[in-house]
Amino acid sequence: MARELRPWLTGRTVIGAERVDAPPGPKYAGLERLPGQRIEAVTRRGKFLVMPLGRMELLEGTAASAPADELIVHLGMTGVVRATPPPGHLRVHLHLSGPEPRDLYFQDVRRFGRFMVVGVGDYAGLPTLAAMGPDALDPDFTPESLQRALAISGAPIKTLLLSQRPVAGVGNIYADEALWLAKVHPERPARRLTRSQVSALHAAITDVLARSLLLQGTTLNDYRTVNGEVGAFAAHLAVYGRAGEPCPRCGAAVVRTVVGQRATYACSRCQTRPRSSSRSAPRRPARGRPRLTPRAK
DNA sequence: CGCATTTCCTGGTAGC
DNA sequence: TGCTACCAGGAAATGC
């Protein structure tokens, strides 16, 4: 989407910004600051579109002190950015300057998306963006960076991936697909992944996202490109949404569970379960000096 | 601080 | 046909 919008938006100035059928609130904060600002670039961090803005300097010395803004867009579940008016659930309408003036529309049926203007880097209202790890397709995302990020948490690996902290850009579908590719069970505590599992997971994340992007992403129901096309990657999903179907790798059944309140699909055979802490397992004393006091809460 | 739970929101669908 | 119940989930807010 960033790639599509880049030539469409870069260098254009916002003439008008209208909030449509959306209550005032943080998800649409700052839109009134948009008119008069020029879109300098279209960038992306994980699932957030980040568009630096600049105000035309009409008077030397005054505009220079004005802090620059950024337009932040997140699709949530059902957000769609379009160049033509959507049939319903329109939330934002932008009018843009240019040789031939253009419009931009943000549609969002379920209202989980956001379309807001903030000061550059002022992510106080966007804690996930503020604490986000390297983007999955950025060279800064390496097996080592992933290893460091996973080592500090005992949360289920899938839950940690969805937090966007170890790596940015992995949502529910791609988390399941990447874990399947890497043969890692979604509930394995993050810090218990072996070094080779971390390497496999790193490769799997970059691989699944790159392949999906080649097909313009995954459209289950709602997602559309800016041109209104569907993404074709859904047909290539190995496990997501395929409960009861055979694993494409080993033939065992794909099972659906819930991890971190999210539907989770995994192969029942080739994604090995984390070491069980079930009652039936004999309790083995911890290595090293016995703990004399209960762990502080 | 870290993790778990709840909340937001609407369309589609299963079940009756 | 029409009704209710439930499910989908990214990220923020709240709870512990």
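Residues numbered from 1 in each chain as written. Chains lettered and ligands numbered in written order. Predicted model: local features only at pLDDT ≥ 70, side-chain atom pairs only at ≥ 80, totals over all residues. Heavy atoms only, no water.

Now for the protein's contact with DNA strand B. Around DNA strand B, the neighbouring residues are H89, V109, R110, R111, F112, S153, G154, A155 and Q261. A share of 62% is what sugar and phosphate atoms reach among the atoms of DNA strand B within 4 Å of the protein. Between DNA strand B and H89 there is a distance of 2.9 Å, counted from a phosphate oxygen to a side-chain nitrogen or oxygen. Contact between DNA strand B and S153: a phosphate oxygen at 3.3 Å from a side-chain N or O atom of the residue. Here the surface near DNA strand B is composed, by residue class, of three nonpolar, four polar and two charged. (Near = heavy atom within 4 Å. Polar contact = N/O pair within 3.5 Å; in protein donor to acceptor, adjacent residues only side chain to side chain. Nonpolar A, V, L, I, M, F, W, Y, C, P; charged D, E, K, R; others polar.)

Summed over all chains, the structure comprises three aromatic pairs. Measuring from ring centre to ring centre gives 6.3 Å for Y174 and F233, while their planes differ by 45°; the resulting arrangement is tilted. Residue Y174 is located in helix α5 (residues 172–181), and its partner F233 is located in the loop between α6 (195–214) and β10 (254–259); the two are separated by 59 residues in the primary sequence. Each member of the pair, Y174 as well as F233, is classed as buried. Between Y240 and Y265, the ring centres sit 5.1 Å apart and the planes meet at 65°, which makes this aromatic pair edge-to-face. With a gap of 25 residues between them, Y240 in the loop between α6 and β10 and Y265 in strand β11 (residues 262–267) connect regions that are remote in the sequence. The exposure classification of Y240 matches that of Y265, with both residues buried. Between R102 and the ring centre of W8, over which it is positioned, the NZ or CZ distance is 3.9 Å. The lysine or arginine in question, R249, covers the ring of W180, its NZ or CZ lying 4.1 Å from the ring centre. (Phe/Tyr/Trp six-rings, centres within 6.5 Å; stacked < 30°, edge-to-face > 60°. Helix = DSSP H or I, 4+ residues; strand = E, 2+ residues; numbered from the N terminus. Buried < 20%, exposed > 50% of the residue type's maximum accessible area, 1.4 Å probe, protein only. Lys NZ or Arg CZ within 6 Å of the ring centre and 35° of its normal.)

Low pLDDT marks regions whose predicted coordinates should not be analysed in detail. In this model, chain A carries an average pLDDT of 84, and 86% of its residues clear a pLDDT of 70 or more. Below a pLDDT of 50 lies the segment residues 277–297, which in the model reaches zero contacts outside its immediate sequence neighbourhood of four places, other chains included. (pLDDT = per-residue confidence, 0-100. Contact = heavy atoms within 4.5 Å.)

Secondary-structure assignment places E40 in the loop between β2 (37–39) and β3 (43–45). Overall, E40 belongs to the partly exposed group, its relative accessible area being 35%. Spatially, the C-alpha atom of E40 lies 22 Å from that of P134, the residues being 94 residues apart in sequence. Ignoring anything within four residues of it in the chain, the contact list for E40 reads T10, P52, L53 and G54. Polar contacts involving the side chain of E40 include one to the side chain of R38, which spans 2.8 Å.

With antiparallel pairing, the four strands of this open sheet are ordered in space as β1-β7-β8-β6. Each edge of the sheet is formed by a strand with only one pairing partner; in this case those strands are β1 (14–19) and β6 (79–82). If you compare each strand with its neighbour and ignore which way they point, the axes differ by 10° on average. Each of β6, β7 (90–96) and β8 (102–108) touches helix α1 (residues 2–9); the most contacted strand, β8, lies at about 150° to it. (Pairing = 2+ DSSP bridges. Axes fitted to C-alpha atoms, helices over the stretch in contact; angles between N-to-C directions.)

Another aspect to go through is the domain arrangement of chain A. Domain annotation of chain A identifies domain 1 (2–129) and domain 2 (143–267). Summarising the inter-unit geometry, the C-alpha centres of domain 1 and domain 2 are found 29 Å apart. Each side of the interface is counted separately: domain 1 has twelve residues, and domain 2 has 14 residues. Roughly 1000 Å² of surface becomes buried between domain 1 and domain 2 when both sides are summed, with 59% attributable to carbon and sulfur atoms. Area buried by domain 1 at its contact with domain 2 is led by E4, K47 and R82, which between them contribute 41% of it. Counting every contact that joins domain 1 to domain 2 gives zero salt bridges. Taken together, the connections running from domain 1 to domain 2 amount to zero residue pairs in polar contact (both at pLDDT 80 or more). Of the residues contributing to the side of domain 1 that touches domain 2, the split by class is five nonpolar, three polar and four charged. (Domains from an automatic or database assignment. Buried area = accessible area lost by both parts, 1.4 Å probe. Salt bridge = Lys/Arg side-chain N within 4 Å of Asp/Glu carboxyl O.)

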